[in-house]
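Single-letter residue listing:
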Amino acid sequence: MRILVVHGPNLDLLGTREPEVYGTTDLATINRELKAIAAQRGVTLEFVQSNHEGELVDAIGSSRGRIDAIVINPAAYTHTSVAIRDAIAAAGVPAVEVHLTNIYAREAFRQHSVIAPVCKGQVSGFGPESYRLGLEAAMTLAAPNRRPRKTRA
Ligand code: DQA
């Protein structure tokens, strides 16, 4: 199983960026922890971080037929990017949207996600734990035997 973890703009600055809002954990630490969780399950992770919308679109586009699920924090593009939304829909790969902060408890312009409708679900507000929960959800979505077992009569 192969999962793509996508980090949007300014998330490369985690750790020093507005620590009172986003905490002090840096992106390398988050990625390392995700990798450790995935390794325990025999899951391979790929990571991409970009400040450029087109690069994120390309990364999502190249996941089609190759990647089993996507975990994405689109960051500021959450609120604006029809291009990223369309890329997820076009790829046909199940995606989980994650946010460190609770976007619904913040400024009005952050309270709407244009990405959420093309994702299977969203985790918002738990700091780095949002990524861990998002990865759990993605691994469940991607699991080949996720249909409920038939119970014996
Ligand atoms: C964010 C929330 C966005 O509104 C913001 O632009 C970010 C980070 C989060 O993880 O809480 O860059 O996606």
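Residues numbered from 1 in each chain as written. Predicted model: local features only at pLDDT ≥ 70, side-chain atom pairs only at ≥ 80, totals over all residues. Heavy atoms only, no water.

**A few points about the nonpolar core**
Okay, step 1: In terms of nonpolar packing, the biggest core is built from 25 residues, with Ile 3, Leu 45, Tyr 131 and Leu 135 touching the most fellow members.
Okay, step 2: Counting residues per element, the ones that place at least two in this core are β1 (2–7), α2 (27–40), β3 (69–73), β4 (95–99) and α5 (128–142).
Okay, step 3: For this core, the leading source of residues is α5, giving six residues.
Okay, step 4: Residues in contact with Leu 45, not counting those within four places in the same chain, are Ile 3, Val 5, Leu 34, Lys 35, Ala 38 and Leu 135.
Okay, step 5: Core analysis: the second largest hydrophobic core is formed by 19 residues, Val 6, Ala 59, Ile 88 and Val 114 among them. (Core = buried A, V, L, I, M, F, W, Y, C linked by side-chain atoms within 4.5 Å. Buried < 20%, exposed > 50% of the residue type's maximum accessible area, 1.4 Å probe, protein only. Helix = DSSP H or I, 4+ residues; strand = E, 2+ residues; numbered from the N terminus. Contact = heavy atoms within 4.5 Å.)

**Some remarks on the environment of Cys 119**
Okay, step 1: Counting through the fold element by element, Cys 119 comes out in the loop between β4 and β5 (121–124).
Okay, step 2: Judged by relative accessible area, which is 12%, Cys 119 ranks as buried.
Okay, step 3: Measuring from C-alpha to C-alpha, the distance between Cys 119 and Ala 89 comes to 8.3 Å, with 30 residues separating the pair along the chain.
Okay, step 4: Apart from the residues lying within four places of it in its own chain, the contact partners of Cys 119 are Ile 88, Ala 95 and Glu 97.

**Side note on the sheet that holds β4**
Okay, step 1: An order of β2-β1-β3-β4-β5 is seen for the five strands of this open sheet, with the pairing classed as parallel. Looking at strand neighbours, the two that pair on one side only are β2 (44–49) and β5, the edges of this open sheet. For this sheet the average axis-to-axis angle between neighbouring strands, irrespective of direction, equals 20 degrees. (Pairing = 2+ DSSP bridges. Axes fitted to C-alpha atoms, helices over the stretch in contact; angles between N-to-C directions.)

**Description of the site of the ligand**
Okay, step 1: In the region of the ligand, the neighbouring residues are Arg 17, Tyr 22, Asn 73, Ala 75, Ala 76, His 79, His 99, Leu 100, Thr 101, Ile 103, Arg 106 and Arg 110.
Okay, step 2: Asn 73 is positioned such that a nitrogen or oxygen atom in its side chain is 2.8 Å from an oxygen atom of the ligand.
Okay, step 3: Between an oxygen atom of the ligand and a side-chain N or O atom of Arg 110, the distance comes to 2.9 Å.
Okay, step 4: If the ligand stood free it would expose 330 Å²; the protein chains cover 99% of that surface. (Near = heavy atom within 4 Å. Polar contact = N/O pair within 3.5 Å; in protein donor to acceptor, adjacent residues only side chain to side chain. Areas by Shrake-Rupley, 256 points an atom, 1.4 Å probe, with all protein chains shown as cover.)

**Structural notes on the pattern of salt bridges**
A pair can form between side chains of opposite charge whenever their charged atoms are brought close.
Okay, step 1: Tallying each qualifying case throughout the model produces seven salt bridges.
Okay, step 2: Of the charged contacts in the structure, one is a salt bridge between Arg 66 and Glu 46, with a shortest N-O distance of 2.9 Å. You can see Arg 66 sitting in the loop between α3 (53–61) and β3 and its partner Glu 46 sitting in strand β2, a full 20 residues away along the chain.
Okay, step 3: Overlapping salt bridges bring together Arg 2, Glu 46 and Arg 66 as one network. (Salt bridge = Lys/Arg side-chain N within 4 Å of Asp/Glu carboxyl O.)

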